[in-house]
Amino acid sequence: MWYPAEISLSSYLPSELEVGMLFVNRISVGVIEPYIEVFELEEIPEDPDAFMAKHGAPVELVIIDANEHVIATHDEIGWWDDGEYTDELRDITLNDINYLLRELDGYIDIEIDEDYGPVIYEGRVLLTVVPDDFEDWDETLNDGLEEL
C-alpha cells in the first residue's frame, strides 16, 4: 500500500566536512518562485567555515508522515518505483529528489505494510508518486457547479 509522505531536510553540524555530504542551494535570482536544490559535496573546500556560511550546515534527507514522524532515515532512502509501466526498481537520484522538492514540494508516496511499517527491500525503502485521479475531481467540480 502506498502511503503519502514528505521529503524533509534535517541539518546537522559535523566535526569536519566530508565528500558526499549534502548541502542546500537556495535559488531565487532569475526565477518567479524561489526554490531549493540539494547538491553533494564533491571536494573538501579550502575554507570549510566560509563554505558553510554560504551554504549552511550539511543536511540529511528523511521521509516524514503528516504528523512529522520519521518513516525513513537518510540511509534507508534509495529505491524509486516508476509505477505500473515497469516492474523494476531503480536508485533514486539527487535529480529525482530536486525535482520532487521543486515541483511537488517534497510530497511523495512510500510503500507501507499496514502491520510492519515501511517496506524495506535490500535495506532501503520504496518511493514513488501515485498520480491523483483527476477525472473524479472534475466530475465533482462539475456537479457542484450545476447545483448553483
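One structure accompanies this document, and this report is about it. (Residues numbered from 1 in each chain as written. Predicted model: local features only at pLDDT ≥ 70, side-chain atom pairs only at ≥ 80, totals over all residues. Heavy atoms only, no water.)

Another point: helix α1 (residues 48–55). Every buried residue belonging to α1 is among Phe-51, Met-52 and His-55, and all of these are buried. Buried residues in α1, looked at end-on, bunch into an arc of 95°, giving them a common side. Facing away from the buried side of α1, by more than 90 degrees, are the exposed residues Asp-49, Ala-53 and Lys-54. Where α1 is buried, its residues meet β2 (22–27) and β3 (35–40). Among the residues trailing α1, Gly-56 stands out with phi positive, at a value near 80°. (Buried < 20%, exposed > 50% of the residue type's maximum accessible area, 1.4 Å probe, protein only. Helix = DSSP H or I, 4+ residues; strand = E, 2+ residues; numbered from the N terminus. Arc of directions from axis to C-beta. Contact = heavy atoms within 4.5 Å.)

As paired strands, strand β1 (residues 2–11) and strand β8 (residues 107–113) are joined by five bridges and run antiparallel to one another. Of the residues in β8, the one forming a bridge with Tyr-3 is Ile-110. (Pairing = 2+ DSSP bridges.)

Before going further, it helps to examine the pairing of strand β4 (residues 59–64). Burial analysis of β4 places five of its six residues in the buried class, which makes it a mostly covered element. Pairing of β1 with β4, which is carried by six bridges, proceeds in the antiparallel orientation. In the sheet register, Ser-11 faces β4, and the bridge partner there is Val-59. As paired strands, β4 and strand β5 (residues 70–72) are joined by two bridges and run antiparallel to one another. Paired with Ile-64 across the bridge in β5 is Val-70. Remark: five residues form the turn of the hairpin made by β4 and β5, two consecutive strands paired antiparallel; Glu-68 in that turn has positive phi of roughly 65°.

To continue, consider a nonpolar patch on the surface. Together, Tyr-99, Leu-104, Tyr-107 and Val-129 give the surface a local cluster of nonpolar side chains, amounting to about 360 Å² of exposed area. Tracing the backbone through its elements, the reader meets Tyr-99 in helix α2 (residues 94–103). (Patch = residues over 30% accessible without salt bridge, like charges linked within 9 Å, V, L, I, M, F, W, Y side chains within 5 Å. Areas by Shrake-Rupley, 256 points an atom, 1.4 Å probe, with all protein chains shown as cover. Salt bridge = Lys/Arg side-chain N within 4 Å of Asp/Glu carboxyl O.)

Attention now goes to a negative patch on the surface. On the surface, Glu-40, Glu-42, Glu-43, Glu-46, Asp-47 and Asp-49 cluster together into a patch of negative charge. Residue position: Glu-43 is located in the loop between β3 and α1. (Lys, Arg positive; Asp, Glu negative; His and termini not counted. Charge placed at Lys NZ, Arg CZ, Asp CG, Glu CD.)

So, on to the packing of aromatic side chains. Two aromatic rings are characterised by how far apart their centres lie and by the angle between their planes. Using the criterion set out here, one finds four aromatic pairs in the structure. Considering the side-chain rings of Trp-79 and Tyr-121, the 5.9 Å spacing of their centres and the 50° angle between planes classify their relative orientation as tilted. Here Tyr-121 lies in strand β10 (residues 120–121) and Trp-79 lies in strand β6 (residues 77–81), a separation of 42 residues in the sequence. The exposure class assigned to Tyr-121 is partly exposed, which follows from its relative accessible area of 41%. Members of the aromatic cluster, each reached through a chain of ring pairs, are Phe-23, Phe-39 and Phe-51. (Phe/Tyr/Trp six-rings, centres within 6.5 Å; stacked < 30°, edge-to-face > 60°.)

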